[in-house]
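# A closer look at the structure
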Amino acid sequence: MYLKISHTTEYHYDEPVQYALQRLRLTPVNLPGQTVRNWKTLVDGAAIEVSYDDQFGNRTHLVSLDADRTTLCIEAKGEVETEDRAGVFGAHQSYVPLWLYARETPLTKPGKRIRELAKAAGGATELERMHALMTIIHETVRYEQGETQVGTSAEEALERGKGVCQDHAHILISAARTLGLPARYVSGYLMMEDHPQQTASHAWADVHIAGLGWVGSRSRQQGLPGRPLCPHRLGAMLPRCRAGVGTGARHRHRDSEGGRDGRATRAEPSSELKRNWSAVLSKRGWIISPFQ
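Residues numbered from 1 in each chain as written. Predicted model: local features only at pLDDT ≥ 70, side-chain atom pairs only at ≥ 80, totals over all residues. Heavy atoms only, no water.

## Considerations on the confidence of the model for the chain
In this model, the chain carries a mean pLDDT of 77, and residues with pLDDT of at least 70 account for 73%. Counting interchain partners and residues more than four positions distant, the pLDDT-below-50 stretch residues 220–227 has 13 contacts. Note that pLDDT drops below 50 for residues 236–284; the model gives that stretch 156 contacts with residues more than four away or on any other chain. (pLDDT = per-residue confidence, 0-100. Contact = heavy atoms within 4.5 Å.)

## Section: the pattern of salt bridges
This model, assessed by the stated rule, comprises 7 salt bridges. With a closest N to O distance of 2.3 Å, Arg37 and Glu81 form a salt bridge. Pair noted here: Arg37 is in strand 3 (residues 34–44) and Glu81 is in strand 6 (residues 69–82), with a separation of 44 residues, a long-range link. You can call Glu81 partly exposed: its relative accessible area is 23%. In this structure, Glu75 and Lys77 form a salt bridge, with 3.7 Å as the shortest nitrogen-oxygen distance. Its relative accessible area of 27% is what places Lys77 among the partly exposed residues. (Salt bridge = Lys/Arg side-chain N within 4 Å of Asp/Glu carboxyl O. Helix = DSSP H or I, 4+ residues; strand = E, 2+ residues; numbered from the N terminus. Buried < 20%, exposed > 50% of the residue type's maximum accessible area, 1.4 Å probe, protein only.)

## A closer look at unusual backbone geometry
Positive phi, close to 65°, is recorded for Asp68, a residue that is not glycine. When you line up the elements, Asp68 lands in the loop between strand 5 (59–65) and strand 6. Phi angles above zero are rare outside glycine, and Ala86 is one such case at about 55°. By the secondary structure assignment, Ala86 is in the loop between strand 6 and strand 7 (88–90).

## Topic: the pairing of strand 2 (residues 21–24)
Residues Gln22 and Leu24 line the buried face of strand 2, whereas the alternating positions Leu21 and Arg23 sit on a face that is not buried. In this sheet, strand 5 lies alongside strand 2 in antiparallel orientation, the contact comprising 4 bridges. Counted as the bridge partner of Arg23 is Leu62 from strand 5. (Pairing = 2+ DSSP bridges.)

## Describing helix 4 (residues 165–178)
Counted at 1.5 Å a residue, the expected span for helix 4 with its 14 residues is 20 Å, and the 20 Å between its end C-alpha atoms agrees. Among the 14 residues that make up helix 4, 13 are buried, leaving the element largely enclosed by the rest of the structure. Of the residues flanking the end of helix 4, it is Gly180, one or two places downstream, whose phi is positive at about 85°. (Expected span 1.5 Å × (residues − 1).)

So this is what it looks like as structure tokens:
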């Protein structure tokens, strides 16, 4: 399927920002079953200083904010062709070793509930156990927005019994690693015919299965049937969660782990500037639709 995607992020600052650097990871990658036909990232209020591929293969743009700006607008858009491969993406190909995806991290550290969940997943093969595990997660953790935050761990989300796709992915990753299987966090776009304009990205998990390679296990968000997926970032669940975008900005949609959509750094301001550097995200959304 051909997908046409337009993703816009805007920031409005209360006070002019003198200096900030931000890393953007908003470019879909070419993978088995996914071909990027064309893509571009436009930035108003900042300059793209350098572009490179990070250790996970994510296309990354480093941008510097123009001095005395109170607004910043980032638009990522393009066309992507996807193919249904039943979730199988094949052999591991990355700069980082496979064992990195088996590490325990703060948000995926297994507790008693995660270990019990992993034991409950039956099956004659690793693939069958992962299917069983995802089914248990669907039944145990109801999809409900506003119940968890970016820093909610897999164990905490499982205890609450409520969460969003990010939490389902964290729980699956934690349980899979408990069973000795490498797993990674993936974020991207989800095609929903009845919701072409969305205000949150989608997240899911890939598990590495012997003989198959990476296999995607996506949560059935709000009970919706399968839709074309377009991953734009792969990650290894690093020790620290992905931070919000923008210097001093309060970002209401922050992804969880495995590389960062945006990460800002800056020269250390005075205490007075710190108090004034506050901002709210005024608009973040994307429209994904079949290409006409």
